[in-house]
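# Report on the structure
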Amino acid sequence: MSKAITFSEYGTPEVLRLSEVTPPEPGPGQVRIRVRAASVNPLDMKIRSGLMAGAVPARFPVIPGLDAAGVVDVVGEGADAAVGDEVLGATVGGSYSEYATLEQPVAKPAALSWEVAASLVTVGRTAFRVLAQLGVREGQTLLVHGAGGSVGVIAVQLAVARGITVIATVGEHDIERVTALGAVAVRYGDGWVQRAKTAAPQGVDCVFDASGAGVLADSVALTGDSAHVITIADMSAAQHGVRFSAGGADQAEEALPQLVQLAAAGMLTVPIWRTYPLEQAAIAHADLEAHRNRGKAVLLP
(Lines give C-alpha, C1' and ligand atoms only; values in the text may rest on other atoms or scores of the structure.)
Protein backbone atom coordinates (compact mmCIF):
# COMPACT_ATOMS: atom_id res chain seq x y z
CA MET A 1 0.00 0.00 0.00
CA SER A 2 1.01 3.62 -0.48
CA LYS A 3 -0.27 7.07 0.42
CA ALA A 4 -2.33 9.33 -1.83
CA ILE A 5 -4.71 12.25 -1.56
CA THR A 6 -8.28 11.25 -2.43
CA PHE A 7 -11.78 12.71 -2.36
CA SER A 8 -15.04 10.77 -2.31
CA GLU A 9 -17.48 13.66 -2.78
CA TYR A 10 -17.44 17.05 -4.46
CA GLY A 11 -16.83 20.04 -2.26
CA THR A 12 -14.38 22.50 -0.71
CA PRO A 13 -10.68 21.68 -0.13
CA GLU A 14 -11.66 19.93 3.10
CA VAL A 15 -12.94 16.91 1.11
CA LEU A 16 -9.30 16.05 0.31
CA ARG A 17 -8.01 13.24 2.53
CA LEU A 18 -4.69 11.44 2.93
CA SER A 19 -5.54 7.80 2.20
CA GLU A 20 -3.98 4.36 1.85
CA VAL A 21 -4.24 3.12 -1.73
CA THR A 22 -2.92 0.29 -3.87
CA PRO A 23 -0.11 1.54 -6.13
CA PRO A 24 -1.19 1.61 -9.81
CA GLU A 25 0.13 -0.81 -12.40
CA PRO A 26 1.25 0.65 -15.76
CA GLY A 27 -0.41 -0.43 -18.98
CA PRO A 28 1.20 -0.76 -22.42
CA GLY A 29 3.42 2.23 -23.18
CA GLN A 30 3.12 3.52 -19.63
CA VAL A 31 5.48 3.66 -16.66
CA ARG A 32 4.93 3.87 -12.94
CA ILE A 33 6.99 6.42 -11.06
CA ARG A 34 7.85 7.10 -7.47
CA VAL A 35 6.56 10.66 -7.45
CA ARG A 36 9.06 13.35 -6.48
CA ALA A 37 6.83 16.33 -7.34
CA ALA A 38 3.20 16.81 -8.42
CA SER A 39 1.91 20.08 -9.82
CA VAL A 40 -1.30 21.70 -8.55
CA ASN A 41 -3.38 23.10 -11.43
CA PRO A 42 -6.58 25.19 -11.44
CA LEU A 43 -8.36 22.31 -13.20
CA ASP A 44 -7.72 20.12 -10.15
CA MET A 45 -9.86 22.45 -8.07
CA LYS A 46 -12.62 22.65 -10.68
CA ILE A 47 -12.81 18.85 -10.77
CA ARG A 48 -12.77 18.57 -6.96
CA SER A 49 -15.54 21.15 -6.54
CA GLY A 50 -17.81 19.49 -9.11
CA LEU A 51 -17.67 22.34 -11.62
CA MET A 52 -16.42 19.90 -14.26
CA ALA A 53 -18.80 17.05 -13.38
CA GLY A 54 -20.55 17.31 -16.73
CA ALA A 55 -17.35 17.05 -18.76
CA VAL A 56 -15.21 14.99 -16.38
CA PRO A 57 -17.57 12.82 -14.27
CA ALA A 58 -15.87 11.43 -11.18
CA ARG A 59 -15.62 7.78 -10.24
CA PHE A 60 -15.08 8.03 -6.51
CA PRO A 61 -12.70 7.84 -4.81
CA VAL A 62 -10.65 10.18 -6.99
CA ILE A 63 -6.91 10.85 -6.79
CA PRO A 64 -6.51 14.44 -8.10
CA GLY A 65 -3.67 15.75 -10.21
CA LEU A 66 -2.74 15.96 -13.87
CA ASP A 67 1.05 15.80 -14.01
CA ALA A 68 4.09 14.69 -12.08
CA ALA A 69 7.81 14.03 -12.16
CA GLY A 70 9.64 11.14 -10.55
CA VAL A 71 11.76 8.02 -10.87
CA VAL A 72 10.55 5.04 -12.91
CA ASP A 73 10.07 1.89 -10.81
CA VAL A 74 7.86 -0.26 -13.10
CA VAL A 75 7.84 -0.25 -16.91
CA GLY A 76 4.81 -1.24 -18.98
CA GLU A 77 5.09 -3.20 -22.21
CA GLY A 78 6.56 -1.07 -25.01
CA ALA A 79 7.26 1.95 -22.80
CA ASP A 80 10.20 4.11 -23.85
CA ALA A 81 11.90 4.21 -20.44
CA ALA A 82 13.80 2.02 -17.99
CA VAL A 83 13.65 1.47 -14.24
CA GLY A 84 15.61 4.24 -12.56
CA ASP A 85 15.00 6.84 -15.27
CA GLU A 86 14.02 10.33 -14.13
CA VAL A 87 10.96 11.40 -16.11
CA LEU A 88 7.98 13.74 -16.21
CA GLY A 89 4.63 13.72 -17.94
CA ALA A 90 0.85 13.59 -17.77
CA THR A 91 -0.55 11.08 -15.29
CA VAL A 92 -3.23 8.46 -15.70
CA GLY A 93 -5.34 8.20 -12.57
CA GLY A 94 -3.97 11.18 -10.66
CA SER A 95 -0.66 12.56 -9.39
CA TYR A 96 -1.28 13.51 -5.73
CA SER A 97 0.27 10.24 -4.67
CA GLU A 98 3.49 8.48 -3.73
CA TYR A 99 3.20 6.46 -6.95
CA ALA A 100 1.63 7.48 -10.28
CA THR A 101 1.36 6.18 -13.83
CA LEU A 102 2.61 8.30 -16.73
CA GLU A 103 1.68 8.14 -20.38
CA GLN A 104 4.38 9.11 -22.88
CA PRO A 105 7.04 9.88 -20.25
CA VAL A 106 9.65 12.48 -21.18
CA ALA A 107 13.19 12.30 -19.81
CA LYS A 108 13.98 14.90 -17.14
CA PRO A 109 17.32 16.64 -17.75
CA ALA A 110 19.56 16.91 -14.71
CA ALA A 111 19.44 20.71 -15.02
CA LEU A 112 15.69 20.69 -14.36
CA SER A 113 14.48 20.63 -10.76
CA TRP A 114 11.74 18.19 -9.77
CA GLU A 115 9.41 21.10 -9.01
CA VAL A 116 9.85 22.73 -12.42
CA ALA A 117 9.67 19.38 -14.21
CA ALA A 118 6.28 18.61 -12.67
CA SER A 119 5.01 22.15 -13.20
CA LEU A 120 5.86 22.35 -16.89
CA VAL A 121 3.53 19.67 -18.21
CA THR A 122 -0.05 20.98 -18.28
CA VAL A 123 0.62 24.73 -18.33
CA GLY A 124 3.43 24.39 -20.87
CA ARG A 125 1.50 22.19 -23.25
CA THR A 126 -1.51 24.50 -22.96
CA ALA A 127 0.49 27.60 -23.88
CA PHE A 128 2.22 25.77 -26.74
CA ARG A 129 -1.08 24.42 -28.08
CA VAL A 130 -2.98 27.71 -28.04
CA LEU A 131 -0.20 29.62 -29.79
CA ALA A 132 -0.24 26.96 -32.52
CA GLN A 133 -4.03 27.18 -32.80
CA LEU A 134 -3.91 30.96 -33.11
CA GLY A 135 -1.27 30.69 -35.82
CA VAL A 136 0.37 33.89 -34.57
CA ARG A 137 3.62 34.56 -36.44
CA GLU A 138 6.86 36.48 -36.15
CA GLY A 139 6.25 40.20 -36.62
CA GLN A 140 2.63 40.02 -35.44
CA THR A 141 1.19 41.34 -32.17
CA LEU A 142 -0.36 39.05 -29.56
CA LEU A 143 -2.40 40.16 -26.55
CA VAL A 144 -2.27 37.78 -23.58
CA HIS A 145 -4.89 38.17 -20.86
CA GLY A 146 -3.88 36.76 -17.49
CA ALA A 147 -0.21 36.92 -18.43
CA GLY A 148 0.86 36.80 -14.79
CA GLY A 149 -0.59 33.30 -14.34
CA SER A 150 1.24 30.04 -14.94
CA VAL A 151 -0.04 29.50 -18.50
CA GLY A 152 0.23 33.18 -19.41
CA VAL A 153 3.85 33.45 -18.25
CA ILE A 154 4.88 30.57 -20.51
CA ALA A 155 2.83 31.88 -23.46
CA VAL A 156 4.56 35.25 -23.15
CA GLN A 157 8.02 33.67 -23.17
CA LEU A 158 7.31 31.37 -26.11
CA ALA A 159 5.81 34.20 -28.16
CA VAL A 160 8.63 36.65 -27.43
CA ALA A 161 11.19 34.00 -28.38
CA ARG A 162 9.43 33.62 -31.73
CA GLY A 163 9.71 37.32 -32.56
CA ILE A 164 6.10 38.16 -31.70
CA THR A 165 5.26 41.48 -30.02
CA VAL A 166 3.39 40.66 -26.81
CA ILE A 167 0.98 42.96 -24.97
CA ALA A 168 0.12 41.50 -21.57
CA THR A 169 -2.74 42.39 -19.24
CA VAL A 170 -1.74 41.75 -15.62
CA GLY A 171 -2.34 42.89 -12.07
CA GLU A 172 -0.33 45.83 -10.75
CA HIS A 173 1.90 43.46 -8.78
CA ASP A 174 2.86 41.50 -11.92
CA ILE A 175 3.74 44.39 -14.25
CA GLU A 176 7.45 44.42 -13.46
CA ARG A 177 7.78 40.62 -13.56
CA VAL A 178 6.03 40.20 -16.91
CA THR A 179 7.81 43.20 -18.45
CA ALA A 180 11.10 41.49 -17.59
CA LEU A 181 10.00 38.57 -19.78
CA GLY A 182 9.88 40.83 -22.83
CA ALA A 183 6.21 41.80 -22.94
CA VAL A 184 4.63 45.25 -22.81
CA ALA A 185 2.60 44.86 -19.63
CA VAL A 186 -0.55 46.89 -18.98
CA ARG A 187 -2.90 46.81 -16.02
CA TYR A 188 -6.05 44.74 -16.41
CA GLY A 189 -9.51 45.93 -15.36
CA ASP A 190 -11.55 48.96 -16.44
CA GLY A 191 -9.84 50.80 -19.27
CA TRP A 192 -7.70 47.87 -20.40
CA VAL A 193 -8.84 48.24 -24.03
CA GLN A 194 -7.50 51.78 -24.32
CA ARG A 195 -4.30 50.84 -22.51
CA ALA A 196 -3.78 47.94 -24.93
CA LYS A 197 -4.40 50.18 -27.94
CA THR A 198 -1.89 52.70 -26.62
CA ALA A 199 0.66 49.91 -26.09
CA ALA A 200 0.02 48.51 -29.58
CA PRO A 201 -0.66 51.40 -31.99
CA GLN A 202 0.04 48.96 -34.81
CA GLY A 203 -3.02 46.95 -33.77
CA VAL A 204 -3.51 43.52 -32.22
CA ASP A 205 -3.53 40.44 -34.46
CA CYS A 206 -4.48 37.72 -31.97
CA VAL A 207 -5.67 37.35 -28.39
CA PHE A 208 -4.95 34.52 -25.95
CA ASP A 209 -7.31 34.72 -22.97
CA ALA A 210 -5.96 32.84 -19.96
CA SER A 211 -7.91 34.95 -17.48
CA GLY A 212 -11.61 34.20 -17.94
CA ALA A 213 -12.28 37.76 -16.79
CA GLY A 214 -15.07 38.64 -19.21
CA VAL A 215 -12.80 40.16 -21.84
CA LEU A 216 -13.94 38.24 -24.93
CA ALA A 217 -16.33 40.76 -26.51
CA ASP A 218 -13.76 43.56 -26.35
CA SER A 219 -11.02 41.20 -27.53
CA VAL A 220 -13.03 40.26 -30.63
CA ALA A 221 -13.62 43.94 -31.35
CA LEU A 222 -9.92 44.64 -30.90
CA THR A 223 -8.83 42.02 -33.45
CA GLY A 224 -11.85 42.44 -35.72
CA ASP A 225 -12.43 38.67 -35.99
CA SER A 226 -13.56 36.12 -33.39
CA ALA A 227 -11.37 33.52 -35.13
CA HIS A 228 -8.34 35.44 -33.87
CA VAL A 229 -9.32 34.99 -30.21
CA ILE A 230 -8.96 31.81 -28.13
CA THR A 231 -9.79 31.32 -24.45
CA ILE A 232 -8.89 28.57 -22.01
CA ALA A 233 -10.85 30.06 -19.12
CA ASP A 234 -14.11 31.71 -20.22
CA MET A 235 -17.05 29.32 -20.55
CA SER A 236 -19.06 31.98 -22.44
CA ALA A 237 -16.77 31.57 -25.46
CA ALA A 238 -19.46 30.25 -27.80
CA GLN A 239 -21.63 33.31 -27.19
CA HIS A 240 -18.89 35.42 -28.75
CA GLY A 241 -18.00 33.01 -31.55
CA VAL A 242 -14.68 32.36 -29.79
CA ARG A 243 -12.94 29.00 -29.63
CA PHE A 244 -12.56 27.39 -26.20
CA SER A 245 -9.35 25.37 -26.21
CA ALA A 246 -9.43 22.43 -23.84
CA GLY A 247 -6.69 20.13 -25.08
CA GLY A 248 -7.78 16.54 -25.59
CA ALA A 249 -7.05 15.42 -29.13
CA ASP A 250 -5.43 18.79 -29.85
CA GLN A 251 -2.39 18.11 -27.63
CA ALA A 252 0.78 18.35 -29.70
CA GLU A 253 3.07 15.42 -28.91
CA GLU A 254 6.14 17.48 -29.76
CA ALA A 255 5.30 20.21 -27.23
CA LEU A 256 6.61 18.73 -23.99
CA PRO A 257 10.05 17.57 -25.24
CA GLN A 258 10.62 21.04 -26.73
CA LEU A 259 9.48 22.79 -23.56
CA VAL A 260 11.72 20.60 -21.41
CA GLN A 261 14.78 21.42 -23.49
CA LEU A 262 14.03 25.15 -23.40
CA ALA A 263 13.60 25.08 -19.63
CA ALA A 264 16.75 23.01 -19.09
CA ALA A 265 18.72 25.50 -21.21
CA GLY A 266 17.46 28.41 -19.12
CA MET A 267 15.42 29.80 -22.03
CA LEU A 268 12.04 29.22 -20.35
CA THR A 269 11.20 30.12 -16.75
CA VAL A 270 8.49 28.39 -14.74
CA PRO A 271 7.98 30.35 -11.50
CA ILE A 272 7.52 28.11 -8.45
CA TRP A 273 5.64 29.91 -5.70
CA ARG A 274 5.49 27.34 -2.91
CA THR A 275 5.94 23.64 -2.18
CA TYR A 276 3.80 21.57 0.21
CA PRO A 277 4.08 18.09 1.68
CA LEU A 278 1.51 15.71 0.19
CA GLU A 279 -0.71 15.81 3.27
CA GLN A 280 -1.17 19.58 2.85
CA ALA A 281 -2.93 19.33 -0.52
CA ALA A 282 -6.06 20.93 0.95
CA ILE A 283 -4.01 23.95 2.05
CA ALA A 284 -2.53 24.23 -1.44
CA HIS A 285 -6.02 24.22 -2.96
CA ALA A 286 -7.24 26.84 -0.51
CA ASP A 287 -4.25 29.06 -1.24
CA LEU A 288 -4.81 28.90 -5.00
CA GLU A 289 -8.55 29.46 -4.70
CA ALA A 290 -7.81 32.58 -2.64
CA HIS A 291 -5.38 33.72 -5.38
CA ARG A 292 -2.51 33.95 -2.91
CA ASN A 293 -0.04 32.38 -5.30
CA ARG A 294 2.39 34.12 -7.66
CA GLY A 295 3.48 31.05 -9.57
CA LYS A 296 3.07 27.30 -9.34
CA ALA A 297 2.17 25.35 -6.22
CA VAL A 298 3.79 21.91 -6.02
CA LEU A 299 3.21 18.88 -3.79
CA LEU A 300 6.24 16.90 -2.64
CA PRO A 301 5.15 13.35 -1.64
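It should be noted that the structure appears before, not after, this text.
Time to look at helix α7 (residues 255-264). Working note: α-helix, 3.6 residues per turn, so residues spaced by three or four point in the same direction. Those residues of α7 that sit buried are A255, L256, L259, V260 and A263. Down the axis of α7, the smallest arc covering the buried residues is 125°, so these residues share one side. The inward-facing, buried residues of α7 abut β5 (86-92), β6 (99-107), α2 (114-134) and α3 (150-161). Of the residues flanking the end of α7, it is G266, one or two places downstream, whose phi is positive at about 80°.

In terms of burial, strand β14 (residues 296-300) is a largely internal element, 4 of the 5 residues being buried. In terms of strand pairing, strand β3 (residues 30-40) meets β14 through 3 bridges, oriented antiparallel. In the strand pairing of β14, A38 is matched with L299. Traced from strand β13 (residues 272-277) through helix α8 (residues 281-289) to β14, the parallel crossover comes out right-handed.

So, on to the sheet that holds strand β8 (residues 165-170). Strand order in the open sheet formed by 6 strands is β9-β8-β7-β10-β11-β12, and the pairing between neighbours is parallel. Each edge of the open sheet carries a strand with a single partner, namely β9 (184-187) and β12 (243-244). Two strands pair when backbone bridges link them, and β8 and β9 are joined in this way by 4 bridges, in the parallel orientation. Bridging from a neighbouring strand, A168 pairs with A185 of β9. Sitting on the sheet, helix α6 (residues 216-223) touches β7 (141-145), β10 (206-209) and β11 (229-231), and the angle it makes with β11 is about 155°.

All right, on to the packing of aromatic side chains then. Counted by the stated rule, this structure contains 2 aromatic pairs. Between F7 and F60 the ring centres are 6.0 Å apart and the planes differ by 70°, which places this aromatic pair in the edge-to-face class. Of this pair, F7 sits in the loop between β1 (2-6) and β2 (17-21) while F60 sits in the loop between α1 (42-49) and β4 (67-75); the two residues are 53 residues apart in sequence, bridging distant segments of the chain. Residue class for F7 comes out buried when judged on its relative accessible area of 1%. A relative accessible area of 37% means that F60 is categorised as partly exposed. Members of the aromatic cluster, connected to one another through ring pairs, are F7, Y10 and F60.

Thresholds applied
- Residues numbered from 1 in each chain as written.
- Predicted model: local features only at pLDDT ≥ 70, side-chain atom pairs only at ≥ 80, totals over all residues.
- Heavy atoms only, no water.
- Buried < 20%, exposed > 50% of the residue type's maximum accessible area, 1.4 Å probe, protein only.
- Helix = DSSP H or I, 4+ residues; strand = E, 2+ residues; numbered from the N terminus.
- Arc of directions from axis to C-beta.
- Contact = heavy atoms within 4.5 Å.
- Pairing = 2+ DSSP bridges.
- Right-handed = clockwise from strand over helix to strand, strands pointing away.
- Axes fitted to C-alpha atoms, helices over the stretch in contact; angles between N-to-C directions.
- Phe/Tyr/Trp six-rings, centres within 6.5 Å; stacked < 30°, edge-to-face > 60°.

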